[in-house]
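# Structural characterization, general
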Amino acid sequence: MKEQIELMKQWCNDHYEQGADTMVECWSDTDFAELFTTHDGQPRTTEQAWEALRAVASVYAERQADARNSAF
């Protein structure tokens, strides 16, 4: 899992402007590790963890866009 977390952190750096900035600036390895389990403690596959990561970044990106658009 440690290797996947490092890859996820790199992905977040690469997608900083697309919603991953919060993960780069605020998330610890523990937060990334939590992507590998569901809210009820069931394990996720690596693919599912990556899907969750991208989904979270997408939500952050949408919220940031909404904030920018409503500021004017």
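The following refers to the structure shown. On a predicted model such as this, the values are computed, not experimentally measured, just so you know.

### Some thoughts on the pattern of salt bridges
This model, assessed by the stated rule, comprises four salt bridges. A salt bridge links Glu-6 to Lys-2, with the nearest nitrogen and oxygen atoms 3.3 Å apart. Of the two residues, Glu-6 and Lys-2 both sit in helix α1 (residues 2-14), four residues apart, roughly one turn of that helix. We note a salt bridge from Lys-9 to Asp-29, for which the minimum N-O separation is 2.8 Å.

### Some words on the side chain of Asp-21
Mapped onto the elements of the fold, Asp-21 is located in helix α2 (residues 21-26). Look at Asp-21 and you get buried, because its relative accessible area is 16%. Of the polar contacts made by the side chain of Asp-21, one reaches the side chain of Gln-64; its length is 2.9 Å. Not counting chain neighbours up to four residues away, the residues in contact with Asp-21 comprise Tyr-16 and Gln-64.

What counts, and where the lines are drawn
Think of each chain on its own: its residues are numbered from 1, step by step along the sequence as written. Whole-chain, interface and lining totals are the exception, using all residues; otherwise, since this is a predicted model, local features are given only for residues with pLDDT of at least 70 and side-chain atom pairs are given and counted only at 80 or more. Derived side-chain values reflect all non-hydrogen atoms in the structure, with water molecules and hydrogen atoms excluded from consideration. A carboxyl oxygen of Asp or Glu within 4 Å of a side-chain nitrogen of Lys or Arg is what we treat as a salt bridge. Helix and strand definitions follow DSSP, with helices as H or I runs of at least four residues and strands as E runs of at least two, each counted in order from the N terminus. A 1.4 Å probe rolled over the protein chains alone gives each residue an accessible area, and that area as a share of the maximum for its type sets the label: buried under 20%, exposed over 50%, partly exposed in between. Polar contacts, as counted here, are pairs of nitrogen or oxygen atoms within 3.5 Å of one another; within protein the pair requires one atom able to donate a hydrogen and one able to accept it, and residues that are adjacent in sequence qualify only if both atoms are side-chain atoms. Here, two residues are considered to be in contact whenever any of their heavy atoms come within 4.5 Å of each other.

None of this, on its own, says anything about what the molecule does.
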